[in-house]
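A look at the structure
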Amino acid sequence: MHIVTVGLNHRTAPVEIREKFTFAPDRLPDALEVLKDTKSVLECVIVGTCNRTEVYAAVDRKYKSGLFIRSFLEQWFQVPRSEFEPYLYVYEDNLAVEHLFRVASGLDSMIIGETQILGQVKDAFLLSQREGSTGTLFNTLFKQAVTFAKHAHADTSIGENPVSVSYAAVELGKRILNGLQGKNALIIGAGKMSELTAKHLQAAGVNRMMVVNRTLQNAMQLASRFQGTAHPYGQLAELLLEADIVISSSGSQEYVLDREQVRSALQNREAHRPLFMVDIAVPRNLDPAIADLPDVHLYDIDDLESLVESNLEVRRREADKLAAEIEQEAVEFEQWMKTLKVTPVIRALQEKSNRIYEDTVESMMKKLPGLDEREQKVIRKLAKSIVNQMMRDPILRVKEMAGGRYGDEALGMFTELFALEGILAELEDEELPAVKHSGRMTAKNSQELGMPALLVRNGTEAMAGS
């Protein structure tokens, strides 16, 4: 069995392409149903966000599965393959596993270390699990990825430092003013940057949000979305009396506040009450001379971008550290996959040794009819001990070989040496009442993939409720 990831994201595809490949939430169950019935696909999860659409699939053939998944995307979205193929990336096996860990941890996001993607990956997996689109393999893989991502955010600095200008402005305000709970904020401008600033201010718990813009209607629209109040430019000076934090990002080509206006407002404010001001506009909105006034803390976009770049560098260093851990996680998952292949072989060997034991003891009892119950018990115990001792080393060795570089070849040779082919087939046939796995995997084709049918049958219960 192989793992394949096919997708596109903010780095490989422009928004006009990405928007064509957005799965409507209410149609995702239907999409999963179609995808898991796609040729070669045995298990599947679809991860969709505003910046990426990715299909994760466990497949029974490595080289054509990507083609089948691309056909699924073409048919589902009704977009000719030629229009989107140049933007796709395809990862296989270990690279697919490592990519999932990077995505879940926020290392592959537009903003390194962002945490929202972790919840999105988990929700995508749980939906697939509920829809019966996952089994033993993905139940284990996605649980491992989610657990690792939680560790990455809890035990490293990957998501701690602000890396957007508007967020950095608000975080800096928290430090200067010892938190923003109960504070009054004044936003100058009503564009996209002001909207982002308003979101961060609201999350920080400001008491009141005032919006000033040359076009009052735009100020009203922004203020209404955040339970704030809108004001015309003419009220700027008097609003300074109430504001604790001022963030300006208007499109004005000249200063909207000069040193004299702010100095005048300070005279009518409570003594030594700090005023935190951030100018994130280019050209600047706030007169740099304002910084000379007492109790005023003025920062411009260069100050913030320096902070953001410093924080990004911290995140990059943390990402580099996590990269090594992700490689190790992928190796551990690969080792676990190999144990799936060795399990039925060990079962077959144990079954064969048990049959030899039973046949041998039965034959001995027929040849020695005069043995009493105690003597029969001693012989059975001795025969069982011999068989167990003979099997101990082969079982240990086959586990070691299965985890090696040539594990598949070693398992094949081991199966031939002990003539286990027939017993393997019998054991798989015993599991046939369990036939279906997520609508695709059967006990019969699980043998072809080197997977124990018992695990295949119980796969969808492996992570229920996790």
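In every chain, residue numbers begin from 1 and rise along the written sequence. For this predicted model, a pLDDT threshold of at least 70 governs which residues receive local features, and a threshold of 80 or more governs which side-chain atom pairs are given and counted, while totals over whole chains, interfaces and linings are taken from all residues. Only heavy atoms go into the side-chain values, all of them from the structure, while hydrogens and water stay out.

It is worth spelling out the pairing of strand β6 (residues 208–212) at this point. Buried, partly exposed and exposed residues are distinguished by accessible area as a fraction of the type maximum, computed with a 1.4 Å probe on protein chains only: under 20%, between the cut-offs, and over 50%, respectively. Segments assigned H or I by DSSP are reported as helices when at least four residues long, segments assigned E as strands when at least two residues long, and all are numbered from the N terminus. Burial of β6 is extensive: four of the five residues sit out of reach of the surface. As judged from the three bridges shared by β6 and strand β7 (residues 229–231), these two strands associate in the parallel manner. Bridging from a neighbouring strand, Met210 pairs with Thr229 of β7. With the strands pointing away from the viewer, any crossover whose connection runs clockwise from the first strand over the helix to the second is right-handed. Once you follow β6 into helix α10 (residues 216–225) and on to β7, the crossover reads as right-handed. DSSP bridges decide pairing: two strands pair if at least two such bridges lie between them.

Further remarks concern the packing of helix α13 (residues 301–367) against helix α15 (residues 407–417). Note on geometry: axes are C-alpha line fits, over the in-contact stretch for helices, and angles between N-to-C directions span 0 to 180 degrees. For the pair α13 and α15, interaxial distance at closest approach is 11 Å and the crossing angle is 15°. One way to sum up the angle between α13 and α15 is to call them roughly parallel. For the element pair α13 and α15, the recorded crossing hand is left-handed. Counted together, Lys341, Val342, Val345 and Leu349 of α13 and Asp408, Leu411, Phe414 and Thr415 of α15 form the full contact between these two elements. In the scheme used here, Gly and all other residues not listed as nonpolar or charged are polar, with Ala, Val, Leu, Ile, Met, Phe, Trp, Tyr, Cys and Pro taken as nonpolar and Asp, Glu, Lys and Arg as charged. Its residues placed into classes, the contact of α13 with α15 shows five nonpolar, one polar and two charged. Here roughly perpendicular refers to angles of 65 to 115 degrees, roughly parallel to angles under 35, roughly antiparallel to angles over 145, and oblique to all remaining angles. What makes a crossing left-handed is the near helix being turned counterclockwise from the far one by less than a right angle; a clockwise turn instead makes it right-handed. Here, residues are in contact when the closest pair of their heavy atoms is within 4.5 Å.

What follows is about the environment of Asn218. Relative to the elements of secondary structure, Asn218 occurs in helix α10. On a C-alpha basis, the gap between Asn218 and Ala323 in space is 45 Å, while along the polypeptide they are 105 residues apart. Setting aside residues no more than four positions away along its own chain, Asn218 makes contact with Ala190 and Asn213.

A few words on the nonpolar core. The nonpolar side chains of soluble globular proteins are, as a tendency, buried together. If you look at the biggest cluster of nonpolar residues, it comprises 38 residues, and the most contacted ones within it are Ile3, Leu137, Phe138, Leu141 and Phe142. Mapped onto this core, the elements with two or more residues apiece are β2 (41–48), β3 (52–59), α5 (94–105), α6 (116–130), α7 (136–155) and α13. The element that contributes the greatest number of residues to this core is α7, accounting for nine residues. Leave out the neighbours within four places in its chain, and Ile3 touches Ala57, Tyr91, Glu92, Asp93, Ala96, Val97, Leu137, Phe138, Leu141, Phe333 and Met337. Nonpolar cores are built from buried Ala, Val, Leu, Ile, Met, Phe, Trp, Tyr and Cys residues. Side-chain atoms within 4.5 Å join them into one set. Among the nonpolar cores identified, the runner-up in size contains 29 residues, and Ala185, Met209, Val308 and Leu312 belong to it.

Attention shifts here to the pattern of salt bridges. We define a salt bridge as a contact between a side-chain nitrogen of Lys or Arg and a carboxyl oxygen of Asp or Glu at a distance within 4 Å. Scanning all chains against the criterion turns up 19 salt bridges. The partner of Glu318 in a salt bridge is Lys321, and the shortest N-O contact between them spans 3.4 Å. Linking Glu318 with Lys321, this pair stays in helix α13, spanning three residues, or about one helical turn. Residue class for Glu318 comes out buried when judged on its relative accessible area of 11%. In this structure, the salt-bridge partner of Lys366 is Glu362, at a minimum N-O distance of 3.6 Å. Here Lys366 pairs with Glu362, and both are found in helix α13, just four residues apart, close to one helical turn. You can call Glu362 partly exposed: its relative accessible area is 43%.

For Phe, Tyr and Trp, rings pair up if their centres lie within 6.5 Å, where Trp contributes its six-membered ring, and each pair is then called stacked (planes under 30 degrees apart), edge-to-face (over 60) or tilted (otherwise). Taken as a whole and assessed by the stated rule, the structure comprises 14 aromatic pairs. Between Phe21 and Phe77, the aromatic rings sit 5.0 Å apart at their centres with planes inclined by 65°, giving edge-to-face as the arrangement. Here Phe21, found in the loop between α1 (15–18) and α2 (28–36), pairs with Phe77, found in helix α3 (residues 65–77); they are 56 residues apart in sequence, far enough to count as distant. With a relative accessible area of 2%, Phe21 lands in the buried category. Taking 5.4 Å as the distance between ring centres and 45° as the angle between the ring planes, the aromatic pair formed by Tyr89 and Tyr91 counts as tilted. We classify Tyr91 as partly exposed; its relative accessible area is 27%. Three or more aromatic residues link up through ring pairs in this structure, and these residues are Phe21, Phe23, Phe72, Trp76, Phe77 and Phe84. Criterion for a charge above a ring: Lys NZ or Arg CZ within 6 Å of the ring centre, and within 35 degrees of the ring normal. Lying over the aromatic face of Tyr357, Lys384 brings its terminal NZ or CZ to 4.2 Å of the ring centre.

Our focus in this paragraph is unusual backbone geometry. Of the consecutive residues Val282 and Pro283, the connecting peptide bond is found in the cis state with omega at 0°. Relative to the helices and strands, Pro283 is located in the loop between β9 (275–279) and β10 (296–300). Unusually for a residue other than glycine, Ser40 sits at a positive phi of about 85°. For Ser40, the location among the structural elements is in the loop between α2 and β2. With relative accessibility at 2%, the residue Ser40 sits in the buried group. Positive phi is not limited to glycine here, since Gln78 has a value of about 55°. As for its position among the elements, Gln78 is in the loop between α3 and α4 (81–84).

Before going further, it helps to spend a moment on α10. Within α10 the residues assigned to the buried category are Ala219, Leu222 and Ala223. The buried side chains of α10 occupy one side of the element, clustering within an arc of 100° when seen end-on. Of the exposed residues in α10, those oriented more than 90 degrees away from the buried face are Gln217 and Ser224. Buried residues along α10 sit in contact with α9 (192–204), β6 and β7. Immediately beyond the C-terminal end of α10, within one or two residues, lies Gln227, with a positive phi of roughly 55°. This arc is taken over the directions from the axis of the helix to the C-beta atoms.

An order of β2-β3-β1-β4 is seen for the four strands of this open sheet, with the pairing classed as antiparallel. A strand with exactly one partner marks an edge of an open sheet, and here the two such strands are β2 and β4 (89–92). Each strand axis lies, on average, 15° off the axis of its neighbour in the sheet, ignoring direction. In this sheet, β3 lies alongside β2 in antiparallel orientation, the contact comprising seven bridges. Of the residues in β3, the one forming a bridge with Val45 is Tyr56. Running over the sheet, α5 touches β1 (2–9), β3 and β4 and is turned about 140° from β3.

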